[in-house]
Amino acid sequence: MGFRVRKSIKIMPGVRMTFSPSGVSTSVGVRGARVTRSSSGRVTRTFGIPGTGISHTETIRSANGSRQKSTGQTVVPVPPVSPNLFSASYEKDFFKARKLDSVQEYQRLVTLYPEAAIAGSFMLALKFIETKEYPLALQVLESIWRMNDRIDSDPLFRKYLGLKGFEVGIAEGVVAQLNLNRDAVGLLFAETLQSQGDLNTAIEVVEDLYPTQTTALSLADLYIATKKWNEVIEVTNGMTNVDDATCLLLIYRGIAFRETGYRDAAKEAFKEALKSKKRSMSIRHRGHAERALTYMADGKQALALKEVEKIMAENPNDEGVKLILSALDSGPKIDNEVTKDVELEEVPNTESELPDADWYTDPLGADELRFWNGTEWTEYVSNSGEVTEKPL
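The text that follows walks through the structure, step by step, so that each part is easy to find. (Residues numbered from 1 in each chain as written. Predicted model: local features only at pLDDT ≥ 70, side-chain atom pairs only at ≥ 80, totals over all residues. Heavy atoms only, no water.)

## A look at the overall build of the protein
Item 1. Scanning the protein from N- to C-terminus turns up 14 helices and 13 strands.
Item 2. Here the protein holds 392 residues, and 53% of them are scored as buried.
Item 3. For the protein, contacts bridging at least 24 residues in sequence account for 52% of all contacts bridging at least 6.
Item 4. Accessible surface for the protein amounts to roughly 18200 Å². Of this, 51% is attributable to carbon and sulfur atoms. (Helix = DSSP H or I, 4+ residues; strand = E, 2+ residues; numbered from the N terminus. Buried < 20%, exposed > 50% of the residue type's maximum accessible area, 1.4 Å probe, protein only. Contact = heavy atoms within 4.5 Å. Areas by Shrake-Rupley, 256 points an atom, 1.4 Å probe, with all protein chains shown as cover.)

Written out as structure tokens, the structure is:
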């Protein structure tokens, strides 16, 4: 897997890594999220709420290099490097192995030169992942991790790999921009473990990484997957909503409180997560969906419906939203909380005769379109593609 322009490999189901002379880019999917960087530099991410079919794709960096809402380290661009006349034999052989790009070459390199153990093994692991030999990839990554205290100081790794930047989706809807160092190797190891179902070992690896926002997101994501709710609450303690990453962490916090029975605390976490509309739409949609589930757990169907409407007002064509609406319709029609902007009305039994939830011509004629939620008109209107709220 030489460092060639547009050379892309599939690391694992849902994950791609692309090497180029200017760095390493990735296309990553993590339980409902995918981040893709094209050869032009355009980066998009696709987010889906697991189990619902709700998804959204947006551009987070255009082809001209502008960037939106990312988290992580600052990547230092470096020029391509190569051995010189006086370079050691192991360095020249490593450079040759990268060009030949084969399992046999990397295995030969690691066997012959202890100095190439880390850099050569890393390239070997990627090659095994490319060929979908995941158990072998895990063995190699595990051997690297046993030497993890030497990764950042390894001369060969630092010179040829250490400053190669890459972007990785380490949790739903959030992109981390990292340098290829010990923590990045650890995250790759953890994601490979996670893809193979070894979540507990993945947690151990991430817990051993330097505590950053990136590792906090990865940990919270793993804790959610293993239902370690108290750990999710601990890792998100004291969090405030300042960017996409903290917004998602607060959503995780709300989920953990809800699942441990503290639904009022969950609502407070969701309130903080959703206080700013500047956050990524995909992450906000996750927050609205999770808050809807919390209201449903409280038997407050009308409030849950309001959360779903907020998703559909921005992306009405998602089939997953209709599944949530079906779940709401099949649930009890009792709401224990009456608010000034929520009115409970009986829904006719002739639902099959009602139009599907979608945008329609505003019946009042004041705006171009008004959103119909499947049972009644909502306060969401659209003019020239801009969605605003205008109560009936």
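Back to the text.
## Focus: the environment of Phe 94
Item 1. Note on placement: Phe 94 falls in helix H1 (residues 89-100).
Item 2. When the C-alpha atoms of Phe 94 and Ala 116 are compared, they prove to be 7.3 Å apart, with 22 residues separating the residues in sequence.
Item 3. In this structure Phe 94 touches Leu 109, Ala 119, Gly 120, Met 123, Leu 156 and Tyr 160, once residues within four positions along its chain are discounted.

## Concerning the nonpolar core
Item 1. Judged by nonpolar contacts, the single largest core of 68 residues is most densely connected at Phe 122, Ile 144, Phe 157, Leu 161 and Tyr 252.
Item 2. When near neighbours in sequence (up to four residues on either side) are disregarded, Ile 144 contacts Ile 118, Ser 121, Phe 122, Ile 151 and Val 185.
Item 3. One finds Tyr 295, Val 308, Phe 371 and Tyr 380 within the second-largest nonpolar core, a separate group that totals 11 residues. (Core = buried A, V, L, I, M, F, W, Y, C linked by side-chain atoms within 4.5 Å.)

## Concerning unusual backbone geometry
Item 1. One non-glycine residue, Asp 101, adopts positive backbone phi at about 50°.
Item 2. If you trace the backbone, Asp 101 turns up in the loop between H1 and helix H2 (103-112).
Item 3. Non-glycine residue Lys 227 carries a positive phi angle of around 60°.
Item 4. Following the sequence through the fold, Lys 227 ends up in the loop between helix H8 (213-225) and helix H9 (229-235).
Item 5. Of the residues examined, Lys 227 reaches a relative accessible area of 60% and is grouped as exposed.

## A closer look at the pairing of strand S13 (residues 386-389)
Item 1. Bridging between strand S12 (residues 377-383) and S13 involves four bridges; their strand directions are antiparallel. Bridge pairing links Asn 383 to Glu 386 in S13.
Item 2. The loop that links S12 with its antiparallel partner S13 comprises two residues; one of these, Ser 384, has a positive phi angle of about 55°. (Pairing = 2+ DSSP bridges.)

## Digging into the sheet that holds S13
Item 1. A sheet is described by the order of its strands in space; here four strands give the open sequence S10-S11-S12-S13, paired in antiparallel fashion. The two strands at the open ends of the sheet, each matched to only one other strand, are strand S10 (358-361) and S13. The sheet shows a mean angle of 40° between the axes of neighbouring strands, taken without regard to direction.
Item 2. Of the strand pairs in this sheet, S10 and strand S11 (residues 369-372) are connected by four bridges, and their pairing is antiparallel. Across the sheet, residue Thr 361 finds its bridge partner in S11, namely Leu 369.
Item 3. Helix H13 (residues 301-314) rests against S10, S11, S12 and S13 of the sheet, and its axis sits at about 15° to S12. (Axes fitted to C-alpha atoms, helices over the stretch in contact; angles between N-to-C directions.)

## A few points about the packing of helix H4 (residues 134-145) against helix H6 (residues 182-195)
Item 1. Where H4 contacts H6, the two axes come as close as 10 Å, and the packing angle between them is 145°. Viewed along their axes, H4 and H6 form a crossing whose handedness is left-handed. Here Leu 138, Leu 141, Glu 142, Ile 144 and Trp 145 of H4 lie close against H6, whose contacting residues are Arg 182, Val 185, Gly 186, Leu 188, Phe 189, Thr 192 and Leu 193.
Item 2. Its residues assigned to classes, the contact of H4 with H6 shows eight nonpolar, two polar and two charged. (Left-handed = near helix turned anticlockwise from the far one by under 90°. Nonpolar A, V, L, I, M, F, W, Y, C, P; charged D, E, K, R; others polar.)

## Concerning the layout of surface pockets
Item 1. Its volume calculated, the second largest pocket comes out at about 440 Å³.
Item 2. Contributing to the lining of the second largest pocket are 16 residues, with Lys 277, Arg 284, His 288, Lys 310 and Glu 389 lying nearest its centre.
Item 3. Taken together, the elements giving at least two residues each to the lining of the second largest pocket come down to helix H12 (281-297), H13 and S13.
Item 4. Among the elements that take part in the lining of the second largest pocket, H12 stands out by supplying four residues, more than any other.
Item 5. Here the lining of the second largest pocket is composed, by residue class, of five nonpolar, three polar and eight charged. (1 Å grid on protein atoms, 1.4 Å probe; cavity = no way out; pocket = protein on both sides within 12 Å on 5 of 7 lines; lining within 4 Å. Points joined across faces, edges and corners; volume = space filled by probe spheres on them.)

## What about the pattern of salt bridges?
Item 1. One pass over the full model with this rule turns up 21 salt bridges.
Item 2. Between Glu 290 and Arg 286 there is a salt bridge, with its nearest N and O atoms 2.8 Å apart. One end of the pair, Glu 290, and the other, Arg 286, are both in helix H12, four residues apart, so they sit about a helical turn from each other.
Item 3. On the accessibility criterion, Glu 290 (7% relative accessible area) is buried.
Item 4. A single salt-bridge network, built from bridges that share partners, covers Arg 258, Glu 259, Arg 286 and Glu 290. (Salt bridge = Lys/Arg side-chain N within 4 Å of Asp/Glu carboxyl O.)

## Quick look at H12
Item 1. Along its 17 residues, H12 runs 24 Å from first to last C-alpha, staying within 8% of the 24 Å computed at 1.5 Å per residue.
Item 2. Most of H12 is tucked away, with 14 of its 17 residues classed as buried.
Item 3. Of the residues flanking the end of H12, it is Gly 299, one or two places downstream, whose phi is positive at about 80°. (Expected span 1.5 Å × (residues − 1).)

## Comments concerning H6
Item 1. Between its first and last C-alpha, H6 extends 20 Å over 14 residues, near the 20 Å set by a 1.5 Å rise per residue.
Item 2. Counting buried positions along H6 yields 13 of 14 residues, so the element is predominantly enclosed.
Item 3. Near the N-terminus of H6, the side chain that reaches the backbone nitrogen of Asp 183, with its oxygen 3.2 Å away, is that of Asn 181. (Polar contact = N/O pair within 3.5 Å; in protein donor to acceptor, adjacent residues only side chain to side chain.)

## A word on a negative patch on the surface
Item 1. A grouping of Asp 198, Glu 204, Glu 207, Glu 231 and Glu 234 is seen on the molecular surface, where their side chains present a negatively charged patch.
Item 2. For the negative patch, the secondary-structure elements that each account for two or more residues are helix H7 (199-207) and H9. (Patch = residues over 30% accessible without salt bridge, like charges linked within 9 Å, V, L, I, M, F, W, Y side chains within 5 Å. Lys, Arg positive; Asp, Glu negative; His and termini not counted. Charge placed at Lys NZ, Arg CZ, Asp CG, Glu CD.)

## Some points on the pairing of S12
Item 1. Within S12, five of the seven residues are buried, which leaves it mostly tucked inside the rest of the structure.
Item 2. As defined by bridge partners, S11 adjoins S12 across three bridges and the pair is classed as antiparallel. Note on S12: the bridge partner recorded for Leu 369 is Ser 382.
Item 3. Hairpin remark: S11 followed by S12, antiparallel, with four residues in the connecting loop; positive phi at Gly 374, about 105°.

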